[in-house]
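# A look at the structure
Listed here are the chains, written in short residue letters.
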Amino acid sequence: MRLVHSVAELREALAGSRDTAFVPTMGNLHAGHVALAEIAARHGRPVVASIFVNPLQFGAGEDFERYPRTLAADCDKLASVGTDIVFAPDVAGMYPEPQTYAVLPPLAGELCGAHRPGHFQGVCTVVLKLFNMVQPRYAVFGKKDYQQLHVLKGMVRQFNLPIEMIGAETSRAEDGLALSSRNGYLSADERAEAPRLYRLLRQAASRIAAGERDFAALENAAAAELTAHGWRVDYVAVRSRTTLLAPASGESAFVILAAAHLGTTRLIDNLEC
Ligand code: PAF
């Protein structure tokens, strides 16, 4: 496996590659990221993983500074599943001058976008830059960041990027908690409480499967249950799986998305139903 830091080195390492499979990450990798690299390897070669904690997608007062930087351990994990190239640029290499931004569609201002202003603009900007640097044929993203995947698929479609976007199922701990780099922030008590988020999504999903269509009631009940157990809820929302907007009548493919804070840690999760 080759570790490169500059775009020039990356281009040299990738010269002539046509079937590159790419996994963008912010490092501090867990088993879910490793699974993404394995999925990438089933689609194309070389497999490139990027590790870059992107300042543009963090708001004021968020965890940019404390986000763990664990490059050596991350490289070991990626090497163990046959990743060919790790691209780990620094902030000056990524943003050497004031950056041009595209204006995002309204959906990027909803759900997580409503609670993290500018977040998806930061995500789209860095991913577009990474796509241009790596020029992959395939790109793999986790479905845990469901809205991110949806917004990025839109960007790829709307800017006609010749990239196949692959969404990977969420990896979970045995008690159901979605794997996340941010789980490491949780205290022992918070970690014991955290699986409630996914339990409530499953309860709501089974009620939808049983025919419940009063989505506001489901959302409010789940949010109230979280609040009663000490969470600070950003949102619980039932949306159309295809548009991520409020479901139209007659819609049959849903996703329930939630974001809530336990102490100083913001957790997100979702469930298709
Ligand atoms: O999902 C993430 O880890 C990040 O948002 C991404 C896609 C690597 C962009 O910084």
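Here the structure is shown first, and the text comes after it.
Residues numbered from 1 in each chain as written. Predicted model: local features only at pLDDT ≥ 70, side-chain atom pairs only at ≥ 80, totals over all residues. Heavy atoms only, no water.

### Comments concerning the layout of surface pockets
Empty space among the atoms becomes visible once a probe the size of a water molecule is rolled across them. For the second largest pocket, the calculated volume is near 250 Å³. Going through the elements one at a time, helix H6 (119–134) and helix H7 (146–158) are the ones with two or more residues in the lining of the second largest pocket. Counting residues per element, the lining of the second largest pocket draws most heavily on H6, at five residues. (1 Å grid on protein atoms, 1.4 Å probe; cavity = no way out; pocket = protein on both sides within 12 Å on 5 of 7 lines; lining within 4 Å. Points joined across faces, edges and corners; volume = space filled by probe spheres on them. Helix = DSSP H or I, 4+ residues; strand = E, 2+ residues; numbered from the N terminus.)

### Some thoughts on the sheet that holds strand E5 (residues 138–142)
The sheet built from six strands is open, its strands ordered E1-E4-E3-E2-E5-E6 with parallel pairing. Looking at which strands have only one partner, the edges of the open sheet turn out to be strand E1 (2–4) and strand E6 (164–168). Taken over all neighbouring pairs, the strand axes of this sheet differ in orientation by 25 degrees on average, direction set aside. Across the sheet, helix H2 (residues 31–43) lies against strand E2 (21–25), strand E3 (47–51), E5 and E6, angled at about 155 degrees from E5, the strand it touches most. Strands E5 and E6 of the sheet are contacted by H7, whose axis makes an angle of about 170 degrees with E6. (Pairing = 2+ DSSP bridges. Axes fitted to C-alpha atoms, helices over the stretch in contact; angles between N-to-C directions. Contact = heavy atoms within 4.5 Å.)

### Structural notes on the pairing of E5
Of all five residues in E5, four are buried; the element is thus mostly enclosed. With two bridges connecting them, E2 and E5 associate as parallel partners. Across the sheet, Phe22 pairs through a bridge with Ala139, a residue of E5. One ladder, built from five bridges, connects E5 with E6; its direction is parallel. Opposite Gly142, over in E6, you have Ala168 as the bridge partner. Handedness of the E5-H7-E6 crossover: right-handed. (Buried < 20%, exposed > 50% of the residue type's maximum accessible area, 1.4 Å probe, protein only. Right-handed = clockwise from strand over helix to strand, strands pointing away.)

### Considerations on the pattern of salt bridges
Here the structure, examined in full by the defined rule, presents 14 salt bridges. Between Asp63 and Arg182 there is a salt bridge whose closest N-O contact spans 2.7 Å. With Asp63 in the loop between E3 and helix H3 (71–80) and Arg182 in the loop between E6 and helix H8 (188–193), the pair connects residues that are 119 residues apart, well separated along the chain. Assessed through its relative accessible area of 17%, Arg182 is described here as buried. In this structure, Glu272 engages Lys143 in a salt bridge whose closest nitrogen and oxygen atoms are separated by 3.3 Å. With a gap of 129 residues between them, Glu272 in strand E9 (residues 265–272) and Lys143 in the loop between E5 and H7 connect regions that are remote in the sequence. (Salt bridge = Lys/Arg side-chain N within 4 Å of Asp/Glu carboxyl O.)

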